[in-house]
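A closer look at the structure
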Amino acid sequence: VQLAESGGGLVQAGGSLGLSCVFSGRTFSSFAMGWFRQVSGKEREFVAAISSGASRTNYADSVKGRFTISRDNAKNTVYLQMNSLKPEDTATYYCAAPSSTFGPPSPVRGDYIYWGQGTQVTVSS
C-alpha cells in the first residue's frame, strides 16, 4: 500500500484547508482510513477516521464540528476538510490505512500500519 497526501499549506486562523490522500496498491474500498497529525517532539495524535463504505466516521474531540473526513472510493482518495482552523491545528498531517480490511474507523494509532509521507499545515494567528 502506498499513500500520498497533498493539500497542506499556510492559512490564517479561521480559514480553511482541504487535504487529500491517494491510496494505491490494494483495494481501497476494503479499508477504513484515518488522518493523524504530529507536532515535532510530540506524539502522533488521532484526528479523524472513516469506515470503508463511509457509513461511519470518528473524530477527535479537538476537531469535532470543524473537520470533516470523506472518501471517494472510485478515486481511491480520502479527504480531510478543515474549517475554522486554529493555530493549535498546526502540525504535519498523515493519512493512514490499517492492517485489516473492513474494520471500524479506529482512533488507535497502533491499528494503522500504512502511512503517507505527511503534509504540513501551518495556521498563523
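Residues numbered from 1 in each chain as written. Predicted model: local features only at pLDDT ≥ 70, side-chain atom pairs only at ≥ 80, totals over all residues. Heavy atoms only, no water.

An order of β1-β3-β8-β7 is seen for the four strands of this open sheet, with the pairing classed as antiparallel. Of all strands in the sheet, those bounded by a partner on one side alone are β1 (2-6) and β7 (67-72). Strand-to-strand twist of the sheet, defined as the mean angle between neighbouring strand axes without regard to direction, takes the value 15°. Sheet topology places β7 next to strand β8 (residues 77-82); six bridges connect them, and they run antiparallel. (Pairing = 2+ DSSP bridges. Helix = DSSP H or I, 4+ residues; strand = E, 2+ residues; numbered from the N terminus. Axes fitted to C-alpha atoms, helices over the stretch in contact; angles between N-to-C directions.)

Turning our attention to the state of the cysteines. Evaluated as defined, the whole model comprises one disulfide. Linked covalently through their sulfurs, Cys21 and Cys95 form a disulfide whose S-S length is 1.9 Å. On the sign convention where negative is left-handed, the bridge of Cys21 and Cys95, at about 45° about the S-S bond, is right-handed. Of this pair, Cys21 sits in strand β3 (residues 17-24) while Cys95 sits in strand β9 (residues 91-98), and the two are 74 residues apart along the sequence. The class of Cys21 is buried, set by a relative accessible area of 0%. Under the relative-accessibility criterion, Cys95 is labelled buried at 0%. (Disulfide = S-S within 2.5 Å. Buried < 20%, exposed > 50% of the residue type's maximum accessible area, 1.4 Å probe, protein only.)

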